[in-house]
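Here is what each chain is made of, one letter per residue.
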Amino acid sequence: MARSFSEFGNALYTGEKSIGFVGRRKLWYTISVVIILIAIVGPFLRGGFQFGIEFTGGSQFQVHVASDTERDPDLAEQAVATVLPNSVPRVSVLGQNEVRVQTEALDDAQNRAVTDALAAAYGVDPAEVTYSFIGPAWGQDITRQAFVALIVFILLSALVMALYFRTWKMSVAALIALFHDLIITAGIYGIAGFEVTPAAMIGFLTILGYSLYDTVVVFDKIRENTMPSEMSDRRTFAEAVNLAVNQTLVRSINTSVVALLPVASILFVGAGLLGAGTLRDISLALFIGILAGAYSTIFVAAPAYAHLREGEKTLVEHDKKVLRLRGKDSDEVGLVTASTEEK
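In this text the structure is predicted, and so the values were computed from the model without any measurement. (Residues numbered from 1 in each chain as written. Predicted model: local features only at pLDDT ≥ 70, side-chain atom pairs only at ≥ 80, totals over all residues. Heavy atoms only, no water.)

A. Main features of the overall build of the protein chain. When its secondary structure is counted, the protein chain shows 13 helices and six strands. In terms of principal-axis extent, the alpha carbons of the protein chain reach across some 85 × 45 × 30 Å. Within the protein chain, buried positions represent 47% of all 343 residues. Counting only contacts in the protein chain whose residues sit at least 6 apart along the sequence, the fraction spanning at least 24 positions is 77%. Carbon and sulfur atoms form 63% of the exposed surface of the protein chain, whose accessible area is close to 17,200 Å². (Helix = DSSP H or I, 4+ residues; strand = E, 2+ residues; numbered from the N terminus. Buried < 20%, exposed > 50% of the residue type's maximum accessible area, 1.4 Å probe, protein only. Contact = heavy atoms within 4.5 Å. Areas by Shrake-Rupley, 256 points an atom, 1.4 Å probe, with all protein chains shown as cover.)

Shown next as structure tokens:
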């Protein structure tokens with residue numbers, strides 16, 4: 001008879017059942033490396049990232065039409081082509097009654113001509129077509145500020161974690177998982193051709209907080225299990241780390257599901273029903289980042305931390321003692337620390 005989820009969680013917590021997250025780290029590393037390579041190479045094979053007009057500069061037109069009016073994007077492309085034959089506009093349908101058209105930077109005469117062409121294409125008054133111009137300097141400024149914010153956040157987070165956990169190796173492992181999440185999220189954006197907007201950048205920065213939050217919770221349990229007063233002769237260091245991951249596994253799954261549900265709702269309602277571009281960009285980045293963060297906390301951060309510490313002299317001696325008590329050869333320390341068996 002299959003165990004319920006709560007019974008499964010209790011079995012993981014007590015150690016009755018154990019999943020070898022640390023022992024199979026080479027498998028998880030391989031999966032992550034493959035995904036990261038795809039995330040790095042994929043966008044370039046596709047032609048690079050598609051940055052929004054806020055980063056590149058340009059003109060933006062929004063056509064307000066009646067809800068029962070056809071909003072075929074081809075009409076907008078054909079209208080723009082009558083004024084700018086060589087232009088490749090980006091056309092998006094927003095909500096129930098708007099069409100957004102983005103082009104390169106235009107002068108006043110071109111803006112008026114495109115406005116008239118779009119109004120004629122959709123059968124609306126030119127007053128129903130609004131346009132705005134965004135200079136490239138604004139995009140460059142927010143990009144610079146975003147990178148400054150990212151660097152400051154990473155440095156402060158690394159310092160706080162090193163002080164809190166009293167070891168820099170936990171900071172390094174957490175940052176590895178953090179960059180893992182950011183690269184994968186950005187890669188999916190590039191491969192899928194999603195537009196990178198300021199709202200998406202906000203979503204990327206929000207991922208930093210969630211990813212570290214989930215990792216810190218697991219690391220707190222690892223620290224508790226591996227304190228000198230808690231280390232027993234029953235488990236090697238790697239096994240103690242693996243036990244902590246198993247003990248927090250159900251919590252990590254529940255937290256991720258609870259975090260994903262409202263984000264998925266915002267993504268569905270914001271993008272699917274309302275067509276709100278800002279909601280779509282933020283929620284899409286969060287949705288991908290939360291999934292990647294849940295994976296990296298369990299399969300990357302904890303194994304990486306065990307990997308970083310397994311060569312420490314005190315831990316090697318401890319593991320040898322555990323193996324001697326089990327009647328195994330002390331030369332098997334490296335093997336045992338790297339192969340927590342699944343029960």
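B. Just helix α12 (residues 313-326), in detail. Helix length check: α12 (14 residues) gives 20 Å between terminal C-alpha atoms against 20 Å at 1.5 Å per residue, within 8%. All of the buried residues along α12 are L315, H318, D319, V322 and L323. For α12, the angular spread of buried residues about the axis comes to 135°, placing them on one side. Those residues of α12 that are exposed and aimed more than 90 degrees away from the buried face are K313, T314, R324 and L325. Of the residues flanking the end of α12, it is G327, one or two places downstream, whose phi is positive at about 85°. (Expected span 1.5 Å × (residues − 1). Arc of directions from axis to C-beta.)

C. Representation of the sheet that holds strand β4 (residues 98-103) in the model. Overall, antiparallel pairing links the four strands, which are arranged β3-β4-β2-β5 in an open sheet. The sheet is open, and its two edges are formed by β3 (90-94) and β5 (129-134), each paired on a single side. Between one strand axis and the next, the sheet turns by 20° as a mean value, whatever way the strands run. Here β3 pairs with β4 via five bridges, running antiparallel. What sits directly across from L94, in β4, is E98. Together, β3 and β4 form the strand contacts of helix α4 (residues 73-83), whose direction differs from that of β3 by roughly 145°. (Pairing = 2+ DSSP bridges. Axes fitted to C-alpha atoms, helices over the stretch in contact; angles between N-to-C directions.)

D. Structural context of the pattern of salt bridges. Overall, the coordinates contain six salt bridges when judged by the stated rule. Salt-bridge contacts for K169 lead to E312; the nearest nitrogen and oxygen are separated by 2.8 Å. Taken together, the positions of K169 in helix α7 (residues 168-192) and E312 in the loop between α11 (277-309) and α12 put the pair 143 residues apart, joining distant regions of the chain. D214 serves as the salt-bridge partner of R251, at 3.5 Å between the closest nitrogen and oxygen. (Salt bridge = Lys/Arg side-chain N within 4 Å of Asp/Glu carboxyl O.)

E. Main features of the packing of helix α2 (residues 25-45) against α7. For the pair α2 and α7, interaxial distance at closest approach is 8 Å and the crossing angle is 40°. As far as their axial angle goes, α7 and α2 are oblique. Our pair here, α2 against α7, has a crossing hand that is left-handed. Residues S32, I35, I36, I38, A39, I40, G42 and P43 of α2 form the contact with α7, whose participating residues are H180, I183, I184, G187, G190 and I191. (Parallel < 35°, antiparallel > 145°, perpendicular 65-115°, else oblique. Left-handed = near helix turned anticlockwise from the far one by under 90°.)

F. Highlighting the nonpolar core. By size, the foremost hydrophobic cluster in this structure holds 41 residues, and its most contacted members are F21, F219, I222, F237, V241 and Y305. Listed by contribution, the elements that provide at least two residues to this core are α6 (136-165), α7, α8 (198-226), α9 (237-247), α10 (249-274) and α11. Considering every element that reaches this core, the biggest residue donor is α11, with nine residues. Ignoring sequence-local partners within four residues, the contact set of I222 consists of M170, V241, A244, A302 and Y305. (Core = buried A, V, L, I, M, F, W, Y, C linked by side-chain atoms within 4.5 Å.)

G. Spotlight on the domain arrangement of the protein chain. As far as domains go, the protein chain holds domain 1 (5-48 + 139-325) and domain 2 (58-134). A straight line from the C-alpha centre of domain 1 to that of domain 2 covers 42 Å. (Domains from an automatic or database assignment.)

H. Summary view of the environment of H318. Within the fold, H318 resides in helix α12. Between the alpha carbons of H318 and M231 there is a distance of 8.9 Å; along the sequence they are 87 residues apart.

I. Spatial organisation of the UniProt feature "transmembrane region" (unreviewed entry) in the protein chain. Feature annotation in UniProt assigns "transmembrane region" (unreviewed entry) to the following positions: residues 27-45, 146-165, 172-192, 198-219, 257-276 and 282-305. Secondary structure over residues 27-45 splits into 100% helix and 0% strand, and the C-alpha atoms at its two ends are 27 Å apart. (UniProt positions renumbered as here; feature names shortened; annotations may be inferred.)

J. Structural view of a nonpolar patch on the surface. On the surface, I40, V41, F44, L45, F179 and I183 cluster together into a nonpolar patch covering about 590 Å² of accessible area. Residue contributions to the nonpolar patch peak at four residues, all from α2. Structurally, the position occupied by F44 is in helix α2. According to the relative accessible area criterion, F44 is exposed, its value standing at 60%. (Patch = residues over 30% accessible without salt bridge, like charges linked within 9 Å, V, L, I, M, F, W, Y side chains within 5 Å.)

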